[in-house]
Structures are given as structure tokens and as C-alpha cells.
Amino acid sequence: MDTIASLFSFITTPVSWVIVQFHTVYGKLFGPDTGWAWGLSIVSLVILIRICLIPLFVKQIKSTRAMQTLQPEMKKIQERYKNDKQRQSEEMMKLYKETGTNPLSSCLPILAQSPFFFALYHVLNAIATGDTIGVINESLLASARKAHIVGAPLAAKFKDGSATVQALGATVTDVRVVTAIMIVMMSASQFYTQRQLMTKNVDTTVKTPFMQQQKMLMYVFPVMFAVFGINFPVGVLVYWLTTNVWTMGQQMYVIHNNPTPGSKAQAAYLERLTKHVTSHGKTRKRSERTIIKAIVAKGRDRNEFERKFINGLNKSGLAAQTDGNVIQSESQAVVQTEDGSPAGTATPKRQQPKRQSKSQRQSGGAVGAAAGGSTAADDTPSSEPTSLTKSDEPEDAKPAAPAKKQPGAGTRSKAQSGQRKGPQRPKSPSKK
């Protein structure tokens, strides 16, 4: 174990120094030998590390979303070159290079956190065995061995025997109950964090193998934490439980304020943003302008939720700009009535012409023919009644005698206005 600890000495010394500095501060508040002082020192170490890893976390989010976008293209490459693995790998690397993505970027926070995790493990293991490590001297070692968290020593493990636990001033029952509760909490927080990512912050419009992979990890990671947790000291469980809670809260913040496009979280966010923008008539935060700018830049490639957001702004008389700001639209939204005409206008409805009787149509054609011998070029006499002109003649009056056909008038090429085209039915004989 000393050989392994010496390999991690480049990181165990800084980690032990940070823990001692926090212990000095908390020791003045709670006492130097209490579990509060040493436990809060470990929690503060986690918070400090995670703050330093925020840039890597942002890069992880961008890489994960970029990989989700590339999944359809990657699937096409796999199907196209399924019999040529070398060509498939070359095309994959070419795709990564063209889009500027890196599959390992999503693992950066875990990889960057691993050295601190192993360093803390060796520091706590040295405390359990009574060895000094890093800047922890004999007096600090004795103080750390006296520290208990809810009855469990800081360096005790679930699998420790009664002799080891009694040497640390505790009982096996207390150690196993505390460690079991912490392992369950650690696995549950990991499961909830992954489930939250799958149910709320994944693009549901595209079914890719990446989603299946994430779903599998949702069940694998909690089991791994439960299996390896029985070999971790209580201090390491405090470290890992704290980092899981931090990750869960950090992810909740990202999902609430910067969700993945096409996810359920984006639909909820854009609904809140629509209410906020329409009530104030403008955007107030830089993050809101950034998201609106990205939606406007997509154009026709917007998803269903983004199109609904833009339409909601237009109906409220607002327009999203390319810089992410929202202004009053020059053309206000027009409220439509039931018949489709703009509300508040006096546009009359189009009326259908009154249907004429057969006698009116025939008498109208006779009068038009006798009015001056119209030719094919001018077949609509001015004296002919139109379909909208009300006739004073009763409908049951006898039709006028047909006018004699003038010589030279020729055959009419078009039907008179108000008269049916085509062959006419013969006039029925009048009643005697």
C-alpha cells in the first residue's frame, strides 16, 4: 500500500493540505476532534474541486449535445461501411474533425476528478492504519481517528472486522448501518441524476443508439456504486455522496435554464419564456437572448417547440431579432373572426344572385335579341336585365312573343347573360 501511496504522492500532498486548511477553520467552530470538523472539510474539498471543474462541465454539455446531433450521421456511416471496419473508423474520425466534436469530452469531468478521489482514498486509508501522509502529522492523525460521523469513524469501512472498528472507538453495527445508508443514498442520487437526464433533457425526436447507451448507464452506475461502496471508508462515501448531490443540482440548473433542443425540458422552458417575454415585451437576461438568437438562426430547421415559440411571439405582436432581442412587430397580429375576415372591418359578405324563373330568362333573351341585332362581338345589350336586377314582371306572366330574326344578323355565337348555355328545352304549349 505504501508503494501505491507513493505513486499518488504528487496529488495526496495537495489534497491533504487542503483538508487541513479547512479543518483549521471548522475546528474553531465545532472542535478539532469532532466529525463535523473533518466531515465538513471533506465536503468543502468536493465543492472546491467541482467549482474548478465547471469549465470542463460546460464543455461536457456541449460535447454531449454535439454527439446527439451526430448520431444519425454516425448510424449512416455504420450501415454504409458495416463490412469495412477500417473505413468506418476513418469516416467517423473525419466526421468528428469536420464538426469539431470529441467523444472523450463527455468524460472529462470524471477523468479530471479521479486523481482527487484516489488521493482522498489513500489519505483516509492512511488514517485508518495509523500512518502519516502528506501534511497530516501525528497530532492531526490522532484527531482524525477520533472523529465520528453519526457514530461511524471517518476511516471505517463496511467490511471492517470488530477488532479494527473497536480500535477506532466504534461498534460494527454502527459502522455498517451508517455506511449502508450512505451507499443507498449515493446510488439513489446517481440513479435520479441519470434518469432526470434521460426523461427530461434528451431529444425525443431522434431515436439513436446513444439514448440506449445512456439508458443502460442509468442502471449500471448505481449498481457499481453499491458494489464498490462497501470497500470505501466513510470519509470517501461522504466525498462521493457530496459530489453526486452537487452533480444532481448542477444538472437540474442546466436543464431548467439551458435544456437540450427537442427535449421535454425545452418545451417547458420555451413556454415559460413566452409568458415572460409577452408580459414584459422584451428579454431581460443574457441567457434568454442567447437561446432566442440560436432559435432565430435555425430558420426552417426549428423543431416543433421552437416554431410554437416563434408563433406565440408573432400572435402577441412581437418579433424575435437575429441578436436575440424581442421588439414590437410592425405588422400586428390580426384577430380572425369565425368566417375568416379580419375583426372590426365592415367588409360586406358576397351575395349570391337571385335565381330567375324560366319565363324571365326566356323573356330576357328575347328582349336582348330585339334590341338592335347584336353580333358575336357585342352580345350583351345594355337593355338586358342582369341577374341582380329585380324584375317587375310577375313570375307567372306569359312570356313575350319571340322577335323575328332579322336578316343578316347571323347565328348568335354566345348565350345571353342570364340564359343557360347549350341546347334549350322546347317551350311547353300554353294552357288553353
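In case you missed it, the structure is sitting above this.
Residues numbered from 1 in each chain as written. Predicted model: local features only at pLDDT ≥ 70, side-chain atom pairs only at ≥ 80, totals over all residues. Heavy atoms only, no water.

Peer 1: Quick one: what's the story with the pattern of salt bridges, residue by residue and with numbers?
Peer 2: One pass over the full model with this rule turns up 2 salt bridges. Between Arg87 and Glu91 there is a salt bridge whose closest N-O contact spans 3.0 Å. Note that Arg87 and Glu91 are positioned in helix H5 (residues 85–99) at a spacing of 4 residues, about one turn of the helix. Between Lys298 and Glu306 there is a salt bridge; the shortest N-O distance is 2.7 Å. (Salt bridge = Lys/Arg side-chain N within 4 Å of Asp/Glu carboxyl O. Helix = DSSP H or I, 4+ residues; strand = E, 2+ residues; numbered from the N terminus.)

Peer 1: An account of the packing of aromatic side chains is needed here, citing residue identities and associated values.
Peer 2: For the structure shown, the criterion picks out 6 aromatic pairs. Taken together, a centroid distance of 6.5 Å and an interplanar angle of 20° make the contact between Phe22 and Tyr26 stacked. With Phe22 and Tyr26 both in helix H2 (residues 9–30), this residue pair falls 4 residues apart, about one helical turn. Through a chain of ring-to-ring contacts, the aromatic side chains of Phe225, Tyr239 and Trp240 assemble into a single cluster. (Phe/Tyr/Trp six-rings, centres within 6.5 Å; stacked < 30°, edge-to-face > 60°.)

Peer 1: Any chance you could break down the packing of helix H12 (residues 264–280) against helix H14 (residues 304–315) for me, citing the residues and the numbers?
Peer 2: Taken N-terminus to C-terminus, the directions of H12 and H14 make an angle of 10°; their axes are 10 Å apart at the nearest point. By the angle class used here, H12 and H14 are roughly parallel. Counting all contacts with H12, which are made through Gln266, Ala267, Leu270, Leu273, Thr274, Val277 and Thr278, the residues of H14 involved are Phe305, Glu306, Phe309 and Leu313. Its residues assigned to classes, the contact of H12 with H14 shows 7 nonpolar, 3 polar and 1 charged. (Axes fitted to C-alpha atoms, helices over the stretch in contact; angles between N-to-C directions. Parallel < 35°, antiparallel > 145°, perpendicular 65-115°, else oblique. Contact = heavy atoms within 4.5 Å. Nonpolar A, V, L, I, M, F, W, Y, C, P; charged D, E, K, R; others polar.)

That is the geometry; function is a separate question.
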